[in-house]
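Chains, contacts and geometry: an overview
Each chain, letter by letter, is given below.
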Amino acid sequence: MAGYPPELKRLIKKVEETRPARVERKKRGEEFPMLSLREREERLKFHPDYKGESRREIRVGPNKGYAIPHEIVDLLEARSRVDPDQIDLSAINHETDVLIIGGGGAGTAAALFAQERGAKVIIATKLRHGDANTMMAEGGIQGATKRSKDSPYFHYLDVMGGGHFKNTPELAYTLVIEAPKVIAWLESMGMMFDKSRDGTMLTLHGGGTCRQRMHYAADITGAEIMRTLRDEARNRIEDIRVFEFSAAVELILNEHGHCAGAVFYNMETEEYFSVKAKAVIVATGGSGRLHYQGYMTTNHYGATADGLVIGYRAGVRLCFLHTYQYHPTGVVYPEQAEGLLITEKFRGAGANVLNVDGEQFVNEREPRDVESASVIRECTTVGKGVSTPTGKVGVWLDSPMIDVLRGEGTAQREFPGKHILFRRYEIDISKEPILVYPTLHYQNGGLEFTPKCETVIPGLFIAGEVTGGIHGENRLMGNSLLDVCVFGRIAGESGAVYAKERAKEGRLTLEHVKKYHRELEEAGIVTDRVAPMLLPDYSNPEVRERQLTAHYVGTIR
Amino acid sequence: MGKRTRKDFPTKEEGRGNGEIPKVPVFIMGKRYEVPASLTIQKAFEYAGYQLIRGCGCRGGICGACGTVYRFPDSHKIEVGLACQTVVRPNMYLTMIPFFPANRAIYDLEEIRPDLESMIKLYPDVMRCVQCNTCTKSCPMDIEVMDYMAAAMRGDLTKVAKLSFDCVMCGLCASRCPTEIAQYHIAILARRLYGKYILPKSEHTDAMVKRIEEGRYDSMLNNLMKADEDKLKRLYNEREIEPEGAGEDWKPKDSQYL
Ligand SMILES: Cc1cc2nc3c(=O)[nH]c(=O)nc-3n(C[C@H](O)[C@H](O)[C@H](O)COP(=O)(O)OP(=O)(O)OC[C@H]3O[C@@H](n4cnc5c(N)ncnc54)[C@H](O)[C@@H]3O)c2cc1C
Ligand code: SF4
Ligand code: SF4
Ligand code: FES
C-alpha cells in the first residue's frame, strides 16, 4: 500500500486547485448556501430511506403490514435456528435473578444497577464483553449539565427536532432529565472526561444542538465509557457473571406468558444451553451488519438485529424501523478502512465536501440525512462522484483545509486516531483529502418500550439501540451513548425490582416460537431462512463452494 | 431479495475496477495462503476461508480483540499489529493472540486512594518490572507502555492515565512481559483513580443534578410534552443557538428556561 494510486493523485490536483479560493471564502464567512426546508425535502428523495423498493411489509407478527427494510423482514420472516422441540427446558443450565442479553453499554449499565439493587446477574453476550457499538463511539455524550446556559428544556427541544417531532414524549423526557445524573455517575466511576483546570467539562456542539452540551473523552468517548463500565462490572464478579461467546437465539416464556429466560448458542462449542431468570433484559444493540441496500457500515461485527428478531417472535412490537441513520462520511477508500466513520467534527472544523472536479455541491453542515442524500445524488444522478480503484464511488472530504484554516498540526492533534490509521495506508490526511460515502450507522427504531424499560411481556425489559421511540425518526449525535446509559440503568433497576417483587414461577415454554412458525406457514412463507443471524457472512464464497462437507445454518458454519 | 452483497472484500462479481489486485503469500499460523495484497490481516483470514469467531469485534481498531504477532523469514524482529488495521505483506508469518490470561485485582473504587500504596497493594507485581521495554515494542497502539509502568512504580497515576489513554486492552504487552505483569489492568486502575480523584470534579454537573432533583424543570417539561407539533416546531425554530466555540461565559438572552 503506498498511498493513493496515480489516478486518484491526479484527481486530488483538482481539489488542490480549488482549495485556496474555498479557504478564502471560508475565512470571509461565506458558506455554500444551506438548503431551504423545501429544497431539503426534494433532496431527501435521494436518501436510501426514501427508496420505496427498499422496503416491504411484514406478513406475520404484531406489526403485520408495517413496511421496513427487506433485510430485516427477511430475518423476521425466518424460522428459529433450532427446532424448539429439541430444546429440553426441564434441563436448565443456569439460573439467576436478572439475565442480561448483550454486553455492550446498555447491558453493562443495567448489570451494575441490577446488582446494586440486590440482584444476582448474568450477562450473556455474543462476542467478548465490550465488543459492541458502544466501544466504537467517538464523538461524545450529550447532557445539559451547565445551568448558566442550558437545561433539560433545551435538550428536549433538540431531541424532538432531531427526531422530526415524532419521538415518544415520555421517552425523550426521561432521556434529558436523567442526562446530568448519568454524566455525574460516569464521572464518579472515574471516567476521564475532557475538562478544564477547574473541573468544568469541555462541551461541544453536535449536529442539531442549540447549546454546546456534547461531553467527550478525546476521540474515544464510547471506548472510555465501555471500558469503565466493564471494569466496574468486573469488580462485582461475585454477583455479575459474564458468559462470553454466548448468543441468545430465543427468549423463553413461562405458562403465564412472562419472560423467564433465554436459549443460547455457544459460538465456540456450538452447543445450545438455557438460562432461567426472574427477569430478562435485552440489550443487543443495532443492525448495521445487515448491510441494508448493500451499504457499508460503521458498526461492530455482531450488529445483526438479533434482539429485534427474538423480541418480535415473543410478541413485542416494532417502531421507527422505517428510518435508518446513514452517516454521510464513511471511508470508501482504501478498502481496508471501508465503512469507518469520519466524525462530523471534521466538517465542523472546516473541511468541505467536494465532487470529482473539486467543487462544492452541498454545505458540509447540513443535517446527516440531507448531507447523505446530497452525496448520493452527486454520485448517481449528477454523475460527479470519484471512482475508486476498488470499483466504488465517493466524494472528497477536504481534510487538509483544517490545517490551513486552524494552523499546521491541527488535524493531527484533534484527530489522532484517524491520523494514525491513514498513515498506516501512507495517506497523510492533513495533506491529502479523504474519500468518503454514506455508511450505515445507527438503527433509529427498534422494539417498543416504556420509560421504565418494560415491554408488553411481563418480565422482559429492553434498553439501548435495540429500542425505538426515544429518538423518533432520527437520532442526534451524542444522544445514543446517553440513551444507553439512561435506559440501561433504568432497565437494571426495573429488572431487579421485578425479579424481587413480581416474578411468578411457572412452567417454561417455547410455545411462542412454535406459534410463530405456524403463523409463517399460514402466511404462505416457505423458507429455509433462519434467524437471528448472529454474525454476518464474510467467508470467501469460492472457498465455500469447495467446503463440500461443511454445513451452514444461515450464515454460521 | 435475499441475495446478500458482500461488503468486506471484493468478490469477482463486484469487479475490481482497474484490474485484479495482485496476490501475496501469507502464512497464517504457518500455513501458506495467497491473498489480495490490499487486505487487512483480518480480511485475509476470511479470504483464506476462516469464519472468525475469536479475534474479531469492532473491525475498527478500538476493541482490542484482534492482537496479532508476525515476523518475516529474513528478520530477527517480532512485529505486532491489530489484525483489523494491518495490511498484509508478502511472507508474513502471523498468528492472532485473541486472548491472553492475565489476573485482575478486585477493588472498590470508593474505598481506595489514588496513590502508590493502593497500586502496590492491588498489583504488587508492578514493582517487578525490569524496564526492559518489551511491552512498548509489543504495543499495536504505539503506547509507551514501559514509561507508564515506570510512572506506576513511582505512584504517578496522572502520568499512567495520560500515557495509557489509548490502550485497547489487547493484552499483547502482557503476553511478552518477562516478569509476567498485566500492564493494561494496572493502567485502567490508574485511569479510574485519576478520573475519580485527581481530575477536579465538575461542580456544574452536581449543581444541575440538584436542580433536577428539586423539580425545577418539571412543569416546563410537562408543558413541552403536552405541546402539539406546531407549537413544538415554533419553539424549536425560535431556539437561540449558542455560537460555535463560545466560551463558558456565554449567556442566552432568554433565561427563563434555565
Ligand atoms: C462508529 C460509531 C460511532 C458512534 N458514535 C457515537 C457518538 O459519538 N455518540 C453517541 O451518542 N453515539 C454514537 N454511536 C452510537 C452508539 O455507540 C450506539 O448506539 C450505542 O453504543 C449502542 O449501545 P448498546 O448497548 O445498545 O449496543 P452495543 O453497544 O452494540 O451492545 C450490544 C451487545 O449485544 C451483543 N449481542 C448482539 N446480539 C446478541 C445475541 N444474540 N446474544 C447475545 N449478545 C448479543 C453484541 O455483541 C454487543 O456486545 C456510534 C456508533 C458507532 C458504530
Ligand atoms: S515488558 Fe514487563 S518488565 Fe519489561 S518493561 Fe514492560 S512491564 Fe516492565
Ligand atoms: S498497552 Fe498493552 S493492552 Fe494496551 S494496547 Fe498496548 S499492548 Fe495492548
Ligand atoms: S477487531 Fe476490534 S481492534 Fe480489531
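Residues numbered from 1 in each chain as written. Chains lettered and ligands numbered in written order. Predicted model: local features only at pLDDT ≥ 70, side-chain atom pairs only at ≥ 80, totals over all residues. Heavy atoms only, no water.

A separate point is the overall build of chain A. Looking only at helices and strands, one finds 17 helices and 22 strands in chain A. Relative to the globule expectation of 24 Å for 557 residues, the C-alpha radius of gyration of chain A, 24 Å, shows essentially globular dimensions. Considering only C-alpha atoms, chain A reaches an extent of 75 × 60 × 45 Å along its principal axes. For chain A, restricting intrachain contacts to residue pairs at least 6 apart in sequence, the fraction spanning at least 24 positions comes to 73%. Accessible surface for chain A amounts to roughly 18200 Å². Of this, 48% is attributable to carbon and sulfur atoms. Placing the 71 positive and 76 negative side-chain charges of chain A at their respective mean positions leaves the two points 3 Å apart. (Helix = DSSP H or I, 4+ residues; strand = E, 2+ residues; numbered from the N terminus. Rg over C-alpha atoms; globule rule 2.2 N^0.38 Å. Contact = heavy atoms within 4.5 Å. Areas by Shrake-Rupley, 256 points an atom, 1.4 Å probe, with all protein chains shown as cover. Lys, Arg positive; Asp, Glu negative; His and termini not counted. Charge placed at Lys NZ, Arg CZ, Asp CG, Glu CD.)

All names here are of chain B. The share of residues in chain B with pLDDT of 70 or more is 92%, and the mean pLDDT across the chain is 91. The low-confidence segment residues 1-19 (pLDDT under 50) makes 49 contacts with residues lying over four places distant or belonging to another chain. Both confidence scores are given for the complex: pTM 0.95, ipTM 0.94. (pLDDT = per-residue confidence, 0-100.)

Close to ligand 2 lie 13 residues, the nearest being Cys 129, Cys 132, Asn 133, Cys 135 and Cys 177 of chain B. Mapped onto the shell around ligand 2, the elements with two or more residues apiece are α3 (134-138) and α4 (145-154) of chain B. (Near = heavy atom within 4 Å.)

In this structure the tally under the stated criterion is 65 salt bridges over all chains. For Glu 344 of chain A, the salt bridge goes to Arg 368 of chain A, with nearest N and O atoms at 2.6 Å. Of this pair, Glu 344 of chain A sits in the loop between β14 (325-333) and α10 (345-348) while Arg 368 of chain A sits in helix α11 (residues 368-379); the two residues are 24 residues apart in sequence, bridging distant segments of the chain. A network of salt bridges, in which partner residues are shared, links Glu 116, Arg 117, Asp 231, Glu 232, Arg 236 and Glu 493 of chain A together with Arg 104 and Arg 192 of chain B. (Salt bridge = Lys/Arg side-chain N within 4 Å of Asp/Glu carboxyl O.)

Here the focus is the interface of chain A and chain B. The interface is formed by 111 residues belonging to chain A together with 96 residues belonging to chain B. Carbon and sulfur atoms make up 56% of the area that chain A and chain B hide from each other, which totals about 9100 Å². On the chain A side of the interface with chain B, the three residues burying the most area are Arg 147, Tyr 153 and Met 192 of chain A, jointly 9% of the side's total. Between chain A and chain B we count ten salt bridges in total. Between chain A and chain B we count 31 residue pairs in polar contact (both at pLDDT 80 or more) in total. In the side of chain A that touches chain B, the residues fall into 47 nonpolar, 30 polar and 34 charged. (Buried area = accessible area lost by both parts, 1.4 Å probe. Polar contact = N/O pair within 3.5 Å; in protein donor to acceptor, adjacent residues only side chain to side chain. Nonpolar A, V, L, I, M, F, W, Y, C, P; charged D, E, K, R; others polar.)

This part is about the pairing of strand β5 (residues 121-124) of chain A. Residues and elements named next belong to chain A. Because side chains alternate across β5, one face comprises the buried residues Val 121 and Ile 123, and the other comprises Ile 122 and Ala 124, equally buried. The sheet contact formed by strand β4 (residues 94-101) and β5 spans four bridges and is parallel. Paired with Val 98 across the strands is Val 121, a residue of β5. The handedness of the β4 to β5 crossover, carried by helix α4 (residues 105-116), is right-handed. (Buried < 20%, exposed > 50% of the residue type's maximum accessible area, 1.4 Å probe, protein only. Pairing = 2+ DSSP bridges. Right-handed = clockwise from strand over helix to strand, strands pointing away.)

Residues and elements named next belong to chain A. Strand order in the open sheet formed by three strands is β6-β8-β7, and the pairing between neighbours is antiparallel. Each end of this open sheet is capped by a strand with a single partner; those strands are β6 (141-142) and β7 (203-204). In this sheet, strand β8 (residues 214-215) lies alongside β6 in antiparallel orientation, the contact comprising two bridges. Note on β8: the bridge partner recorded for Gln 142 is Met 214.

Looking now at the environment of Gly 464 of chain A. Residues and elements named next belong to chain A. Residue placement: Gly 464 occurs in the loop between β20 (460-462) and α15 (479-501). Exposure remark for Gly 464: the relative accessible area of 1% places this residue in the buried category. Residues Gly 464 and Ala 305, 159 residues apart in the sequence, show an inter-C-alpha distance of 12 Å. Contacts of Gly 464, omitting those with residues within four sequence positions, involve Ala 106, Asp 483 and Val 484.

Residue and element names in this part refer to chain B. Among the structural elements, Cys 173 can be located in helix α6 (residues 172-176). Expressed as a C-alpha distance, the spacing of Cys 173 and Met 146, which sit 27 residues apart in the sequence, is 9.5 Å. Excluding residues that lie within four positions of it along the chain, Cys 173 makes contacts with Cys 135, Ser 138, Val 145, Gln 183 and Tyr 184.

Okay, the domain arrangement of chain A next. All names here are of chain A. Here chain A is described as being made up of domain 1 (6-30 + 328-440) and domain 2 (79-323 + 443-509). For domain 1 and domain 2, the distance between their C-alpha centroids amounts to 33 Å. With 22 residues of domain 1 in contact, the opposing surface of domain 2 contributes 18 residues. For the domain 1 and domain 2 pair, buried surface summed over both sides reaches about 1500 Å², with 58% attributable to carbon and sulfur atoms. Among the residues domain 1 hides against domain 2, the three largest losses belong to Lys 345, Arg 368 and Leu 440. Together they make up 43% of the total. (Domains from an automatic or database assignment.)

What follows concerns unusual backbone geometry. All names here are of chain A. Cis rather than trans, the peptide bond between Tyr 333 and Pro 334 has omega equal to 0°. Tracing the chain through its elements places Pro 334 in the loop between β14 and α10. The omega torsion of the bond from Ala 531 to Pro 532 falls at 0°, within 30 degrees of zero and hence cis. For Pro 532, the position within the fold is in the loop between β22 (530-531) and α17 (541-546). With a phi close to 50°, His 291 is a non-glycine residue in the positive phi region. Checked against the element boundaries, His 291 lands in the loop between β12 (272-282) and α9 (306-314).

Moving on, we come to the sheet that holds strand β3 (residues 67-71) of chain B. All names here are of chain B. The strand order across the open sheet formed by five strands is β2-β1-β5-β3-β4, and the pairing between neighbours is mixed. Each of the sheet's edge strands pairs with one partner strand only, and the pair in question is β2 (31-36) and β4 (79-82). Along the sheet, successive strands turn relative to each other by an average axial angle of 35°, direction set aside. Both strand β1 (residues 23-28) and strand β5 (residues 92-96) contribute to a ladder of three bridges, which runs parallel. Following the sheet pairing, Val 26 is matched in β5 by Met 92. Along the sheet, helix α1 (residues 41-48) contacts β1, β2, β3 and β5; its crossing angle with β2, the most-contacted strand, is approximately 105°. (Axes fitted to C-alpha atoms, helices over the stretch in contact; angles between N-to-C directions.)

Bringing the site of ligand 3 into the picture now. Neighbouring residues of ligand 3: Cys 139, Pro 140, Met 141, Val 145, Tyr 148, Cys 167, Val 168, Met 169, Cys 170, Gly 171, Cys 173 and Tyr 184 of chain B. Of the residues contributing to the shell around ligand 3, the split by class is eleven nonpolar, one polar and no charged.

Let us now look at the domain arrangement of chain B. Residues and elements named next belong to chain B. According to the domain assignment, chain B contains domain 1 (2-96) and domain 2 (116-198). In this assembly, eleven residues from domain 1 lie in contact with ten residues from domain 2. Joining domain 1 to domain 2, the criterion identifies zero salt bridges. Along the lines of polarity and charge, the residues of the side of domain 1 that touches domain 2 split into six nonpolar, five polar and no charged.

To continue, consider the nonpolar core. Ranked by internal contacts, the top residues of the largest apolar core, which has 224 residues, are Leu 99, Leu 186, Leu 251, Leu 318, Trp 396 and Phe 487 of chain A. In this structure, Cys 129, Tyr 184, Leu 189 and Leu 193 of chain B belong to the second largest nonpolar core, which totals 32 residues. (Core = buried A, V, L, I, M, F, W, Y, C linked by side-chain atoms within 4.5 Å.)

What follows covers the state of the cysteines. Residue and element names in this part refer to chain B. In this structure the tally under the stated criterion is zero disulfides over all chains. Unpaired in this structure, Cys 56 has its nearest cysteine sulfur neighbour in Cys 63, at a distance of 7.5 Å. You can call Cys 56 buried: its relative accessible area is 1%. (Disulfide = S-S within 2.5 Å.)

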